[in-house]
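# What the coordinates show
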Amino acid sequence: MELLKRKYAFLWVILTIFTGSTSMLALAGMLDLFEEDAWYTNNKYWIIGLCFFIFPAAIMVGVFIVEMMCKVAAKLEVPGKELYLSPFVWLLLLIVPVLGWIFFITIFLYLEIWIIVAIAKGKAEK
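A brief report on the enclosed structure follows. (Residues numbered from 1 in each chain as written. Predicted model: local features only at pLDDT ≥ 70, side-chain atom pairs only at ≥ 80, totals over all residues. Heavy atoms only, no water.)

This model, assessed by the stated rule, comprises two salt bridges. The network of salt bridges with shared partners includes Glu35, Glu67 and Lys71. (Salt bridge = Lys/Arg side-chain N within 4 Å of Asp/Glu carboxyl O.)

This part covers the side chain of Glu112. Following the sequence through the fold, Glu112 ends up in helix α7 (residues 99-120). There is no salt bridge for the buried Glu112, and the closest opposite charge comes from Lys121, which lies 18 Å off by N-O distance. Filtering out sequence-adjacent residues up to four positions away, Glu112 remains in contact with Thr16, Ser21, Met24 and Met69. (Helix = DSSP H or I, 4+ residues; strand = E, 2+ residues; numbered from the N terminus. Buried < 20%, exposed > 50% of the residue type's maximum accessible area, 1.4 Å probe, protein only. Lys, Arg positive; Asp, Glu negative; His and termini not counted. Contact = heavy atoms within 4.5 Å.)

Even without being glycine, Ser21 reaches a positive phi, approximately 75 degrees. When you line up the elements, Ser21 lands in the loop between α1 (9-19) and α2 (23-30). Given the relative accessible area of 3%, Ser21 is considered buried. Phi is positive for Asp32, close to 60 degrees, though the residue is something other than glycine. Along the chain, Asp32 falls in the loop between α2 and α3 (43-51).

So, about the nonpolar core. The biggest cluster of nonpolar side chains holds 33 residues, and the ones touching the most others in it are Leu27, Val72, Leu76, Tyr84, Leu111, Ile115 and Ile119. Of all elements in the fold, only α1, α2, α4 (54-75), α6 (87-95) and α7 reach the threshold of two or more residues within this core. Aside from chain neighbours lying at most four places away, what touches Ile115 is Met24, Leu27, Met69, Val72, Ala73, Leu76 and Val78. (Core = buried A, V, L, I, M, F, W, Y, C linked by side-chain atoms within 4.5 Å.)

Mapped onto the secondary structure, Thr22 falls in the loop between α1 and α2. Expressed as a C-alpha distance, the spacing of Thr22 and Val61, which sit 39 residues apart in the sequence, is 9.6 Å. For Thr22, the side chain forms a polar contact with the main-chain oxygen of Thr19, separated by 2.9 Å. (Polar contact = N/O pair within 3.5 Å; in protein donor to acceptor, adjacent residues only side chain to side chain.)

Keep in mind these values describe shape, not function.
Laid out in structure tokens, this is it:
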């Protein structure tokens, strides 16, 4: 894809800033990381999440974005794969008050920044 080339890294910076990380979903689509039999392709889960008010659906969207961001980071060979690909780390960071939440935000920003750096280095062109 043309948008995955090194010269468009600045565009990905702008998209990430203005879309609030949902541009990672477009990046995951371009890298062909969506699975046909994954939980997010089943409409029942999304309907149930919406039926129980907006809060569960918002959590599902957040989990979906984090999962896709981790898959994109693994595909682009971002360092620290052992840490951010483990679901237990993410759950632990959410459960532990204050310090865990700070580290959650830190890992989230780390992935966002390093994905852009990987695109700037040309790893998405391969």
